[in-house]
Amino acid sequence: MTDLKELHREMTAWRRDLHAHPEFGFEEKRTAAFVAEKLRAFGLEVAEGIGGTGVVGTLTRGSGNRAIALRADMDALRIAEQGTTAYRSQTPGTMHACGHDGHTAMLLGAAKLLAGEGGFDGTVRFIFQPAEEWGRGALAMLDDGLIERFPFEEIFGLHNMPGLPIGHFETRSGPVMSAEDNFEIVLKGLGGHAARPHAGRETLVAACALVLNLQTIVSRRLSPADIGVVSVTELITDGTRNALPGLARILGDCRSFRPEVSAAIEKEMRRIAEGTAQAYNVAAQVTYTREFVSLINDAALVDEALAAARDVLADEAVGVAAEPMTASEDFARFLNEVPGCFVFMGNGNSAPLHNPSYDFNDECLLHGARFHTAVVRRRLAVGD
Ligand SMILES: [Zn+2]
Ligand SMILES: [Zn+2]
């Protein structure tokens, strides 16, 4: 049997090493090499460079022909760390502010446990994906033939959650995290002297009206039964103190759980932008992009994941999350291909995710690694 205390010490060292050397999406060269070297040392078959910097480790035991995947993310954020720990980021302006250092260390810990102890029948794919934060890494791996080259029938992943107690796991079936769309609306008119507004077609008053009109998409165009968010986040003009702007850019972010809602938001936004622009005698150009798809958990596999969490933790530490979240997660792309389940693991009373003072809590490491292991032993049970 594995010495779990020793494994915890090792995972803590790995996590802190990764934390000190954060890398932005698709630049995870050192991290990927770190992961590949560890997986090889545990005896796994390793493939590197999948979808850029992605790594896939494969471990087979017994004669079963079923395969499941476990996924971790490796990328950091362009945030300047305010932490003062000995292992704080050595890369100015980049830090692990989402705990992907912890996710990577936990999946490595699970690989070591399973390679050493077995206790399952079939094949496990350990997927370490790049670029989760901008929602590009999962697609890059899938486009690189991930499932064709390393087949699996279902997939599991987890994310740490500040505010949820350490040692607690929760998730829900159906929609868990939302789709994310981004938009940019450019208003073009004719700039001019601040003293002579009538002589031009300035864009700032039109932009202000448009920002307010966009608020009616959710309040007046979507069904109250649907969840949607339309957030204008930036308004930028080319004006100056005594010159009216001929150009205004409005940027923002939308969330939804159903593709029909995302489509309705885009359609209404285009209609409102054109109509408002016309009313103010300026021109509008709308660019609308879809960044993340919504994350939908498989009901049967949610039961399995919660049962796996109960295998390693007290019953009362495992729960069903009440509400879907309007944050987004790249893991959803894998769930478009195969059924699976994404769970949240307590990070205790830490700073929020994406905060410059955030730090993954090393007390969680063993919980995550043992959860992964329990999922494998349930889904690839010996003697099935
Ligand atoms: Zn994040
Ligand atoms: Zn994250």
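Our subject in this report is the structure included herewith. Please read all numbers here as calculations on a predicted model, not as lab measurements.

## Describing the overall build of the protein chain
Check the secondary structure of the protein chain and you find eleven helices and 16 strands. For the C-alpha atoms alone, the extent of the protein chain along its principal axes is close to 80 × 45 × 40 Å. Of all intrachain contacts in the protein chain linking residues separated by at least 6 positions in sequence, the fraction that spans at least 24 positions is 80%. Total accessible area on the protein chain is roughly 16300 Å²; 50% of this is exposed by carbon and sulfur atoms. Counting 37 positive and 51 negative side-chain charges, the protein chain places the centres of these two groups 4 Å from one another.

## Quick look at the coordination of the zinc ion (ligand 1)
Around the zinc ion (ligand 1), the protein supplies C98 (SG), E133 (OE), E133 (OE) and H354 (NE2) as donor atoms, at distances of 2.0 to 2.5 Å. Seen from the zinc ion (ligand 1), its four donor atoms lie at angles of 55 to 152°, and the figure they make is irregular. Expressed as a motif, the donor residue spacing for the zinc ion (ligand 1) is C-x34-E-x220-H. Between the zinc ion (ligand 1) and the zinc ion (ligand 2), the interatomic distance is 3.2 Å, and C98 donates to each metal, bridging them. With E133 in the loop between β4 (122-129) and α4 (137-143) and H354 in the loop between β16 (340-346) and α11 (365-379), this pair connects stretches of sequence that are 221 residues apart.

## Examining the sheet that holds strand β13 (residues 283-292)
Pairing between the strands of a sheet comes from backbone hydrogen bonds, and it takes one of two forms, parallel or antiparallel. Pairing is antiparallel in the open sheet, where four strands are placed in the order β10-β12-β8-β13. Looking at strand neighbours, the two that pair on one side only are β10 (228-237) and β13, the edges of this open sheet. Direction aside, neighbouring strands of the sheet carry axes that sit 15° apart on average. Bridge analysis of β10 against strand β12 (residues 247-256) gives nine bridges, and the strand direction is antiparallel. Counterpart to L235 in the pairing with β12 is I250.

## Observations concerning unusual backbone geometry
Of note, F26 is a non-glycine position whose phi angle comes to about 70°, a positive value. Mapped onto the elements, F26 comes out in the loop between α1 (4-20) and α2 (29-42). One non-glycine residue with positive phi stands out, namely A131, at about 45°. Mapped onto the elements of the fold, A131 is located in the loop between β4 and α4.

## A closer look at the sheet that holds strand β15 (residues 318-320)
If you trace the eight strands from one edge of the open sheet to the other, you get β1-β2-β4-β3-β5-β16-β6-β15, paired in mixed fashion. Every other strand in the sheet has two partners, leaving β1 (45-50) and β15 as the edge strands with one partner each. Taken over all neighbouring pairs, the strand axes of this sheet differ in orientation by 25° on average, direction set aside. When strand β6 (residues 169-171) meets β16, the two strands line up antiparallel, connected through two bridges. Residue pairing in the sheet places F169 in a bridge with M345 of β16.

## A closer look at the pattern of salt bridges
For the structure on display, the rule yields 29 salt bridges. A salt bridge links E184 to R249; the shortest N-O distance between them is 2.7 Å. Residue E184 is located in strand β8 (residues 179-188), and its partner R249 is located in strand β12; the two are separated by 65 residues in the primary sequence. R258 is the salt-bridge partner of D226, the closest N and O atoms lying 3.1 Å from each other. With D226 in the loop between α7 (216-221) and β10 and R258 in the loop between β12 and α8 (259-279), this pair connects stretches of sequence that are 32 residues apart. Classification of D226 as partly exposed rests on a relative accessible area of 23%. Each of R15, R16, D101, D359 and D362 takes part in salt bridges that share partners, so that together they form one network.

## Quick notes on the pairing of β12
Of all ten residues making up β12, eight are buried, and the element is well covered by its neighbours. Looking at chain direction, β8 and β12 are connected through ten bridges and run antiparallel. What sits directly across from L187, in β12, is A248.

## Considering the coordination of the zinc ion (ligand 2)
Only C98 (SG), H100 (NE2) and H159 (NE2) from the protein coordinate the zinc ion (ligand 2), and they sit 2.1 to 2.3 Å from it. Positions of the donor residues of the zinc ion (ligand 2), expressed as sequence spacing, correspond to C-x1-H-x58-H.

## As for helix α9 (residues 299-312)
With 14 residues, α9 extends 21 Å between its outermost C-alpha atoms, agreeing within 8% with the 20 Å of an ideal straight helix rising 1.5 Å per residue. Those residues of α9 hidden inside the fold are in contact with β5 (154-161), β6, β14 (295-297), β15, β16 and α11. Put simply, D298 is the residue that caps the front of α9, since its side-chain oxygen is 3.2 Å from the backbone nitrogen of A300.

## Concerning the packing of aromatic side chains
Taken as a whole and judged by the stated rule, the model has seven aromatic pairs. A centroid spacing of 5.0 Å and a plane angle of 35° characterise the contact between F169 and F371, whose relative ring orientation is tilted. With F169 in strand β6 and F371 in helix α11, the pair connects residues that are 202 residues apart, well separated along the chain. Owing to a relative accessible area of 2%, F169 belongs among the buried residues under this scheme.

Thresholds, definitions, all that
Residues numbered from 1 in each chain as written. Chains lettered and ligands numbered in written order. Predicted model: local features only at pLDDT ≥ 70, side-chain atom pairs only at ≥ 80, totals over all residues. Heavy atoms only, no water. Helix = DSSP H or I, 4+ residues; strand = E, 2+ residues; numbered from the N terminus. Contact = heavy atoms within 4.5 Å. Areas by Shrake-Rupley, 256 points an atom, 1.4 Å probe, with all protein chains shown as cover. Lys, Arg positive; Asp, Glu negative; His and termini not counted. Charge placed at Lys NZ, Arg CZ, Asp CG, Glu CD. Donors = N, O, S within 2.8 Å, 3.2 Å for Na, K, Ca; no water. Tetrahedral: all angles 85-135°; square planar, octahedral: opposite > 155°, others 65-115°. Pairing = 2+ DSSP bridges. Axes fitted to C-alpha atoms, helices over the stretch in contact; angles between N-to-C directions. Salt bridge = Lys/Arg side-chain N within 4 Å of Asp/Glu carboxyl O. Buried < 20%, exposed > 50% of the residue type's maximum accessible area, 1.4 Å probe, protein only. Expected span 1.5 Å × (residues − 1). Polar contact = N/O pair within 3.5 Å; in protein donor to acceptor, adjacent residues only side chain to side chain. Phe/Tyr/Trp six-rings, centres within 6.5 Å; stacked < 30°, edge-to-face > 60°.

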